[in-house]
Amino acid sequence: MRVLIVEDEVRLAATLRDLLELNGYTADMCHDGESGLDNALSSIYDVIILDVMLPRMDGFTVLRKLRAAGCSAPVLMLTARSEISDKVTGLDSGADYYLTKPFDPKELLACIRALTRRQPELRDTDCLRCGDLQLEKSSFTLRCGDRSVRLSRKEFDMLELLMLNQKLVITKENLLVKVWGYDSDAEDNNVEVYISFLRRKLEHLHSTVKIRTIRMVGYCLEPTS
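Heads up: these notes are all about the structure in this document. (Residues numbered from 1 in each chain as written. Predicted model: local features only at pLDDT ≥ 70, side-chain atom pairs only at ≥ 80, totals over all residues. Heavy atoms only, no water.)

A look at helix H3 (residues 59-68)
- Burial in H3 covers these residues: Gly59, Phe60, Val62, Leu63 and Leu66. Projected down its long axis, H3 shows its buried positions confined to an angular sector of 160°, all on one face.
- Residues of H3 that are buried make contact with helix H2 (33-40), strand E3 (47-51), strand E4 (75-79), helix H4 (84-93) and strand E5 (97-100).
- The N-cap of H3, judged by a side-chain oxygen 2.9 Å from the amide nitrogen of Phe60 a few residues on, is Asp58.
- Where H3 ends, the next residue or the one after it, Gly70, has phi of about 90°, a positive value. (Buried < 20%, exposed > 50% of the residue type's maximum accessible area, 1.4 Å probe, protein only. Helix = DSSP H or I, 4+ residues; strand = E, 2+ residues; numbered from the N terminus. Arc of directions from axis to C-beta. Contact = heavy atoms within 4.5 Å. Polar contact = N/O pair within 3.5 Å; in protein donor to acceptor, adjacent residues only side chain to side chain.)

Here it is in structure tokens:
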């Protein structure tokens, strides 16, 4: 699951990123409203943490522009201001939750879990299933019957995306930004290499699930009998 942190306090943003990554999330940072809006509109983020007081464009404006553009990703707003009017403005602008600084890290993590539970495809269950496969989120373990194999972080992120979108074609571009990040230098061949890694592991598990290549487009999971 990928989270965007839009926070102009660089040290706080880095602390949030470290906290999220320690708890199994992938996190990207930006430090002003304009770059935050640009990154958020890429549609690769499952949750957005958005500060109110930002340079170049304030958080309320960023949020209104996101919602006007059709972005439905859950947004958790952060602010040092505790006035009720600010919270009302944030919620009316399309925020899903509001935290006042300073906050407890456990509360922030609980908020993120609550927000993702509202999205059916991101429900906080430990196991995803496709055909005869089980993907365990807490241990990065892929199981098929009595056999199991541990996945690397990128293998896990890639297979998780494919399993969350079963029967849909996931483009290479989408895999690149979701797994490697918006500003990564990774290229198509990086996706191809990790797809080959996953295919070998499916063969090792004797799974009937296959990763199908859609020429010039991307990949999809295909359970076979």
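Examining the nonpolar core
- In terms of nonpolar packing, the biggest core is built from 30 residues, with Leu135, Leu142, Leu151, Met158, Leu159, Val191 and Leu221 touching the most fellow members.
- Counting only elements with at least two residues in this core, the list comes to strand E6 (127-130), strand E7 (133-136), strand E8 (141-144), helix H6 (153-164), helix H7 (172-180), helix H8 (188-205), strand E11 (209-214) and strand E12 (218-223).
- The leading source of residues in this core is H6, at six residues.
- Residues within four places of Val191 in sequence aside, it is in contact with Met158, Lys172, Leu175, Leu176, Trp180 and Tyr219.
- Counting residues in each nonpolar core, the second largest holds 22 residues, with Leu4, Ile44, Leu50 and Val52 among its members. (Core = buried A, V, L, I, M, F, W, Y, C linked by side-chain atoms within 4.5 Å.)

What to know about a negative patch on the surface
- Where like charges cluster on the molecular surface, the negative patch consists of Glu173, Asp183, Asp185, Glu187 and Asp188.
- With respect to the element layout, Asp183 can be found in the loop between H7 and H8. (Patch = residues over 30% accessible without salt bridge, like charges linked within 9 Å, V, L, I, M, F, W, Y side chains within 5 Å. Areas by Shrake-Rupley, 256 points an atom, 1.4 Å probe, with all protein chains shown as cover. Salt bridge = Lys/Arg side-chain N within 4 Å of Asp/Glu carboxyl O. Lys, Arg positive; Asp, Glu negative; His and termini not counted. Charge placed at Lys NZ, Arg CZ, Asp CG, Glu CD.)

Regarding the sheet that holds strand E2 (residues 26-30)
- In spatial order, the strands read E2-E1-E3-E4-E5; together these five strands make up an open sheet with parallel pairing. Of all strands in the sheet, those with a lone pairing partner are E2 and E5, marking the two edges. For this sheet, the mean angle separating the axes of adjacent strands, direction not counted, is 20°.
- Alignment of strand E1 (residues 2-6) against E2, held across five bridges, turns out to be parallel. Across the sheet, residue Val6 finds its bridge partner in E2, namely Cys30.
- Across the sheet, H2 lies against E1, E2 and E3, angled at about 165° from E1, the strand it touches most. (Pairing = 2+ DSSP bridges. Axes fitted to C-alpha atoms, helices over the stretch in contact; angles between N-to-C directions.)

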